[in-house]
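# Architecture at a glance
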Amino acid sequence: MNSSSFDGVKGAPITRDLYAYLLEQAEPPSELQQRLITRTRALGSPSVMQVPHEQAVLLALLARLADARKIVEVGTFTGYSALALAGALAPGGTLITCDISTEWTAIAREAWQEAGVDHLIDLRLGPALQTIAGLPLSSDIDLVFLDADKPRYCRYWEELVPRVRPGGLLLADNVLQQGRIHLPDVTGTTLAVREFNARVRADPRVESLILPVADGLTLARKLAPGEPRAQGH
(Lines give C-alpha, C1' and ligand atoms only; values in the text may rest on other atoms or scores of the structure.)
Protein backbone atom coordinates (compact mmCIF):
# COMPACT_ATOMS: atom_id res chain seq x y z
CA MET A 1 0.00 0.00 0.00
CA ASN A 2 1.48 3.35 -0.96
CA SER A 3 1.24 6.72 0.74
CA SER A 4 -1.85 7.70 -1.23
CA SER A 5 -3.80 4.70 0.07
CA PHE A 6 -5.95 4.68 3.20
CA ASP A 7 -7.85 1.89 4.95
CA GLY A 8 -7.11 -0.47 2.09
CA VAL A 9 -8.36 1.92 -0.61
CA LYS A 10 -5.98 2.48 -3.48
CA GLY A 11 -6.02 5.69 -5.44
CA ALA A 12 -3.86 8.41 -6.89
CA PRO A 13 -4.65 12.06 -6.09
CA ILE A 14 -5.32 13.90 -9.35
CA THR A 15 -2.90 16.79 -9.54
CA ARG A 16 -2.67 19.15 -12.52
CA ASP A 17 0.48 17.39 -13.73
CA LEU A 18 -1.05 13.93 -13.33
CA TYR A 19 -4.16 15.05 -15.19
CA ALA A 20 -1.97 16.29 -18.03
CA TYR A 21 -0.30 12.87 -18.13
CA LEU A 22 -3.71 11.18 -18.13
CA LEU A 23 -4.75 13.22 -21.15
CA GLU A 24 -1.57 12.19 -22.94
CA GLN A 25 -2.68 8.55 -22.66
CA ALA A 26 -5.90 9.17 -24.61
CA GLU A 27 -6.26 9.82 -28.31
CA PRO A 28 -5.92 13.62 -28.60
CA PRO A 29 -8.75 15.81 -29.87
CA SER A 30 -8.99 16.15 -33.61
CA GLU A 31 -8.71 19.60 -35.13
CA LEU A 32 -12.51 19.73 -35.34
CA GLN A 33 -12.93 18.63 -31.74
CA GLN A 34 -10.46 21.27 -30.59
CA ARG A 35 -12.37 23.96 -32.46
CA LEU A 36 -15.59 22.79 -30.83
CA ILE A 37 -13.93 22.92 -27.40
CA THR A 38 -12.72 26.46 -28.10
CA ARG A 39 -16.08 27.61 -29.43
CA THR A 40 -17.87 26.16 -26.40
CA ARG A 41 -15.47 27.80 -23.96
CA ALA A 42 -16.32 31.13 -25.58
CA LEU A 43 -19.87 30.71 -24.23
CA GLY A 44 -18.56 31.46 -20.75
CA SER A 45 -19.99 29.76 -17.67
CA PRO A 46 -22.28 27.34 -19.60
CA SER A 47 -19.15 25.75 -21.10
CA VAL A 48 -18.75 23.63 -17.95
CA MET A 49 -21.55 21.45 -19.34
CA GLN A 50 -19.28 20.12 -22.09
CA VAL A 51 -17.84 16.70 -21.27
CA PRO A 52 -14.05 16.70 -20.97
CA HIS A 53 -12.19 15.12 -23.85
CA GLU A 54 -11.06 12.01 -21.97
CA GLN A 55 -14.69 11.30 -21.06
CA ALA A 56 -15.68 11.59 -24.71
CA VAL A 57 -12.95 9.06 -25.54
CA LEU A 58 -14.39 6.71 -22.89
CA LEU A 59 -17.92 7.12 -24.24
CA ALA A 60 -16.76 6.20 -27.73
CA LEU A 61 -14.85 3.20 -26.42
CA LEU A 62 -17.89 1.93 -24.50
CA ALA A 63 -20.11 2.42 -27.55
CA ARG A 64 -17.72 0.33 -29.63
CA LEU A 65 -17.52 -2.37 -26.95
CA ALA A 66 -21.33 -2.50 -26.89
CA ASP A 67 -21.42 -2.66 -30.72
CA ALA A 68 -24.01 0.08 -30.36
CA ARG A 69 -26.47 0.56 -33.19
CA LYS A 70 -29.00 2.59 -31.23
CA ILE A 71 -27.88 5.19 -28.71
CA VAL A 72 -30.04 7.62 -26.76
CA GLU A 73 -28.43 10.72 -25.27
CA VAL A 74 -30.28 13.04 -22.90
CA GLY A 75 -28.60 16.44 -22.99
CA THR A 76 -26.89 17.55 -26.20
CA PHE A 77 -25.46 21.01 -25.38
CA THR A 78 -22.93 21.88 -28.12
CA GLY A 79 -22.62 18.30 -29.29
CA TYR A 80 -19.21 17.11 -28.11
CA SER A 81 -20.39 13.83 -26.58
CA ALA A 82 -22.78 13.21 -29.48
CA LEU A 83 -19.91 13.75 -31.90
CA ALA A 84 -17.87 11.08 -30.10
CA LEU A 85 -20.76 8.62 -29.81
CA ALA A 86 -21.89 9.02 -33.41
CA GLY A 87 -18.38 8.31 -34.61
CA ALA A 88 -18.41 5.05 -32.64
CA LEU A 89 -21.76 3.73 -33.91
CA ALA A 90 -21.84 0.32 -35.52
CA PRO A 91 -22.73 0.30 -39.25
CA GLY A 92 -26.34 1.31 -39.74
CA GLY A 93 -26.53 2.85 -36.30
CA THR A 94 -28.39 5.93 -35.10
CA LEU A 95 -27.93 8.33 -32.19
CA ILE A 96 -31.05 10.02 -30.82
CA THR A 97 -30.08 13.06 -28.77
CA CYS A 98 -32.46 15.24 -26.76
CA ASP A 99 -32.22 18.90 -25.83
CA ILE A 100 -34.35 22.03 -25.52
CA SER A 101 -31.87 24.68 -26.72
CA THR A 102 -31.88 25.73 -30.36
CA GLU A 103 -28.93 28.07 -29.70
CA TRP A 104 -26.53 25.50 -28.31
CA THR A 105 -27.59 22.69 -30.63
CA ALA A 106 -27.04 24.95 -33.63
CA ILE A 107 -23.34 24.85 -32.72
CA ALA A 108 -23.61 21.07 -32.42
CA ARG A 109 -25.24 20.71 -35.83
CA GLU A 110 -22.41 22.63 -37.51
CA ALA A 111 -19.79 20.38 -35.91
CA TRP A 112 -21.65 17.19 -36.81
CA GLN A 113 -22.03 18.31 -40.40
CA GLU A 114 -18.36 19.16 -40.68
CA ALA A 115 -17.46 15.77 -39.21
CA GLY A 116 -19.75 14.00 -41.69
CA VAL A 117 -21.86 12.32 -38.97
CA ASP A 118 -24.93 14.55 -39.07
CA HIS A 119 -26.88 11.88 -40.99
CA LEU A 120 -26.34 9.49 -38.06
CA ILE A 121 -27.76 11.88 -35.45
CA ASP A 122 -31.44 12.42 -34.82
CA LEU A 123 -31.72 15.60 -32.75
CA ARG A 124 -35.05 15.82 -30.89
CA LEU A 125 -35.81 19.31 -29.57
CA GLY A 126 -38.32 19.43 -26.72
CA PRO A 127 -38.77 17.96 -23.23
CA ALA A 128 -36.68 14.78 -23.10
CA LEU A 129 -39.21 12.89 -21.00
CA GLN A 130 -41.77 13.28 -23.76
CA THR A 131 -39.25 12.21 -26.38
CA ILE A 132 -38.25 9.12 -24.42
CA ALA A 133 -41.84 8.18 -23.59
CA GLY A 134 -42.57 8.30 -27.32
CA LEU A 135 -39.90 5.70 -28.11
CA PRO A 136 -41.12 2.12 -28.63
CA LEU A 137 -40.98 -0.27 -25.68
CA SER A 138 -38.96 -2.73 -27.72
CA SER A 139 -35.83 -3.03 -25.55
CA ASP A 140 -33.58 -2.23 -28.49
CA ILE A 141 -31.41 0.60 -27.14
CA ASP A 142 -27.76 -0.43 -26.87
CA LEU A 143 -26.42 2.54 -24.90
CA VAL A 144 -27.84 5.49 -22.96
CA PHE A 145 -25.95 8.61 -21.87
CA LEU A 146 -27.65 10.87 -19.32
CA ASP A 147 -26.19 14.36 -19.02
CA ALA A 148 -29.10 16.75 -18.53
CA ASP A 149 -31.14 18.23 -15.68
CA LYS A 150 -30.18 16.20 -12.64
CA PRO A 151 -33.48 16.43 -10.70
CA ARG A 152 -35.11 14.42 -13.51
CA TYR A 153 -32.47 11.70 -13.60
CA CYS A 154 -34.69 9.23 -11.73
CA ARG A 155 -37.56 9.82 -14.14
CA TYR A 156 -35.32 9.45 -17.16
CA TRP A 157 -33.96 6.23 -15.67
CA GLU A 158 -37.38 4.69 -15.22
CA GLU A 159 -38.36 5.50 -18.79
CA LEU A 160 -35.08 4.27 -20.29
CA VAL A 161 -34.25 1.04 -18.46
CA PRO A 162 -37.18 -0.90 -19.99
CA ARG A 163 -36.12 0.29 -23.45
CA VAL A 164 -32.50 -0.89 -23.12
CA ARG A 165 -31.64 -4.37 -24.36
CA PRO A 166 -30.22 -6.99 -22.00
CA GLY A 167 -26.49 -6.39 -21.92
CA GLY A 168 -26.95 -2.76 -22.93
CA LEU A 169 -25.27 0.08 -21.07
CA LEU A 170 -26.66 3.06 -19.19
CA LEU A 171 -24.27 5.91 -18.36
CA ALA A 172 -25.02 8.95 -16.21
CA ASP A 173 -22.77 11.98 -15.80
CA ASN A 174 -22.03 14.26 -12.83
CA VAL A 175 -22.93 11.69 -10.19
CA LEU A 176 -20.22 12.82 -7.74
CA GLN A 177 -21.32 16.46 -7.79
CA GLN A 178 -17.80 17.88 -7.49
CA GLY A 179 -17.11 15.66 -4.49
CA ARG A 180 -20.12 16.82 -2.46
CA ILE A 181 -22.29 13.76 -3.05
CA HIS A 182 -21.46 12.03 0.26
CA LEU A 183 -21.94 15.04 2.54
CA PRO A 184 -24.84 14.66 5.00
CA ASP A 185 -26.37 18.11 4.54
CA VAL A 186 -26.64 18.31 0.74
CA THR A 187 -29.76 19.81 -0.81
CA GLY A 188 -31.17 20.64 -4.22
CA THR A 189 -29.46 19.13 -7.25
CA THR A 190 -26.86 17.24 -5.24
CA LEU A 191 -29.53 15.62 -3.09
CA ALA A 192 -31.45 14.66 -6.23
CA VAL A 193 -28.33 13.03 -7.67
CA ARG A 194 -27.70 11.16 -4.42
CA GLU A 195 -31.26 9.82 -4.57
CA PHE A 196 -30.61 8.80 -8.17
CA ASN A 197 -27.42 7.01 -7.18
CA ALA A 198 -29.30 5.11 -4.48
CA ARG A 199 -32.00 4.11 -6.95
CA VAL A 200 -29.49 2.80 -9.46
CA ARG A 201 -27.61 0.88 -6.78
CA ALA A 202 -30.83 -0.78 -5.57
CA ASP A 203 -32.21 -1.50 -9.04
CA PRO A 204 -32.33 -5.30 -9.54
CA ARG A 205 -32.48 -4.83 -13.32
CA VAL A 206 -28.86 -3.68 -13.58
CA GLU A 207 -25.37 -4.15 -12.22
CA SER A 208 -23.54 -0.88 -11.74
CA LEU A 209 -20.71 1.16 -10.30
CA ILE A 210 -19.53 4.77 -10.32
CA LEU A 211 -16.29 5.57 -12.11
CA PRO A 212 -14.25 8.55 -10.81
CA VAL A 213 -14.04 10.03 -14.31
CA ALA A 214 -14.54 13.79 -14.59
CA ASP A 215 -17.41 14.57 -12.16
CA GLY A 216 -18.32 10.92 -11.72
CA LEU A 217 -19.81 8.58 -14.33
CA THR A 218 -22.32 5.85 -13.53
CA LEU A 219 -21.74 2.73 -15.59
CA ALA A 220 -24.63 0.27 -15.49
CA ARG A 221 -25.29 -2.88 -17.50
CA LYS A 222 -28.83 -4.15 -17.93
CA LEU A 223 -29.26 -7.75 -16.87
CA ALA A 224 -31.12 -10.36 -18.86
CA PRO A 225 -34.23 -11.81 -17.20
CA GLY A 226 -33.09 -14.19 -14.47
CA GLU A 227 -29.44 -13.19 -14.83
CA PRO A 228 -27.72 -12.71 -11.46
CA ARG A 229 -25.64 -9.69 -10.68
CA ALA A 230 -21.91 -10.07 -10.94
CA GLN A 231 -20.17 -11.35 -7.83
CA GLY A 232 -19.60 -8.53 -5.37
CA HIS A 233 -23.05 -6.98 -5.70
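Up top you'll find the structure we're talking about.
Figured I'd write up the structure that's included with this text.

Cut-offs used in this document
Residues numbered from 1 in each chain as written. Predicted model: local features only at pLDDT ≥ 70, side-chain atom pairs only at ≥ 80, totals over all residues. Heavy atoms only, no water. Helix = DSSP H or I, 4+ residues; strand = E, 2+ residues; numbered from the N terminus. Contact = heavy atoms within 4.5 Å. Areas by Shrake-Rupley, 256 points an atom, 1.4 Å probe, with all protein chains shown as cover. Salt bridge = Lys/Arg side-chain N within 4 Å of Asp/Glu carboxyl O. Buried < 20%, exposed > 50% of the residue type's maximum accessible area, 1.4 Å probe, protein only. Pairing = 2+ DSSP bridges. Axes fitted to C-alpha atoms, helices over the stretch in contact; angles between N-to-C directions.

## Details of the overall build of the protein chain
Across its full length, the protein chain carries 8 helices and 7 strands. Projected onto the principal axes, the alpha-carbon positions of the protein chain cover approximately 50 × 45 × 35 Å. Pairs at least 24 apart in sequence give 68% of the contacts found in the protein chain among residues at least 6 apart. About 12,100 Å² of surface is accessible on the protein chain, with carbon and sulfur atoms providing 56% of the total.

## Quick notes on the pattern of salt bridges
A side chain of one charge can pair with a side chain of the opposite charge when the charged atoms of the two come close. Scanning the entire structure with this criterion turns up 15 salt bridges. The closest approach of N and O atoms between Asp-142 and Arg-165, which form a salt bridge, is 2.5 Å. Here Arg-165 lies in strand 5 (residues 164-173) and Asp-142 lies in strand 4 (residues 141-146), a separation of 23 residues in the sequence. The class for Asp-142 is buried, based on a relative accessible area of 8%. Residues Glu-158 and Arg-199 are paired through a salt bridge, measuring 3.6 Å at the closest nitrogen-oxygen approach. Residue Glu-158 is found in helix 7 (residues 153-160), and its partner Arg-199 is found in helix 8 (residues 188-202); the two are separated by 41 residues along the sequence. Arg-199 gets classed as partly exposed once you look at its relative accessible area, which sits at 37%.

## Description of the environment of Arg-194
Within the fold, Arg-194 resides in helix 8. Setting aside chain neighbours within four positions, we find Arg-194 in contact with Ile-181, His-182, Leu-183, Pro-184 and Val-186.

## Some words on the pairing of strand 7 (residues 217-222)
Of all 6 residues in strand 7, 5 are buried, a share of seventy percent or more. In this sheet, strand 7 lies alongside strand 5 in antiparallel orientation, the contact comprising 5 bridges. Among the inter-strand pairings, Ala-172 is bridged to a residue of strand 7, identified as Thr-218. Taking the residues that link successive antiparallel strands as the turn, the strand 6 (residues 206-211)-strand 7 hairpin has 5 residues, and the phi of Ala-214 there is positive, at about 55°.

## Describing helix 4 (residues 80-87)
The buried count for helix 4 comes to 7 of 8 residues, which makes it a mostly enclosed element. Among the residues making up helix 4, those that are buried are Tyr-80, Ser-81, Ala-82, Leu-83, Ala-84, Leu-85 and Ala-86.

## Here's the deal with the sheet that holds strand 6
An order of 3-2-1-4-5-7-6 is seen for the 7 strands of this open sheet, with the pairing classed as mixed. A single partner strand is all that each edge strand has here, and the edge strands are strand 3 (121-125) and strand 6. Between one strand axis and the next, the sheet turns through 15° on average, direction left out of account. On top of the sheet, helix 4 reaches strand 1 (70-74), strand 2 (94-99), strand 3 and strand 4; it is set at about 175° to strand 1, its chief contact.

Take it as geometry only, folks, not as evidence of what the structure does.
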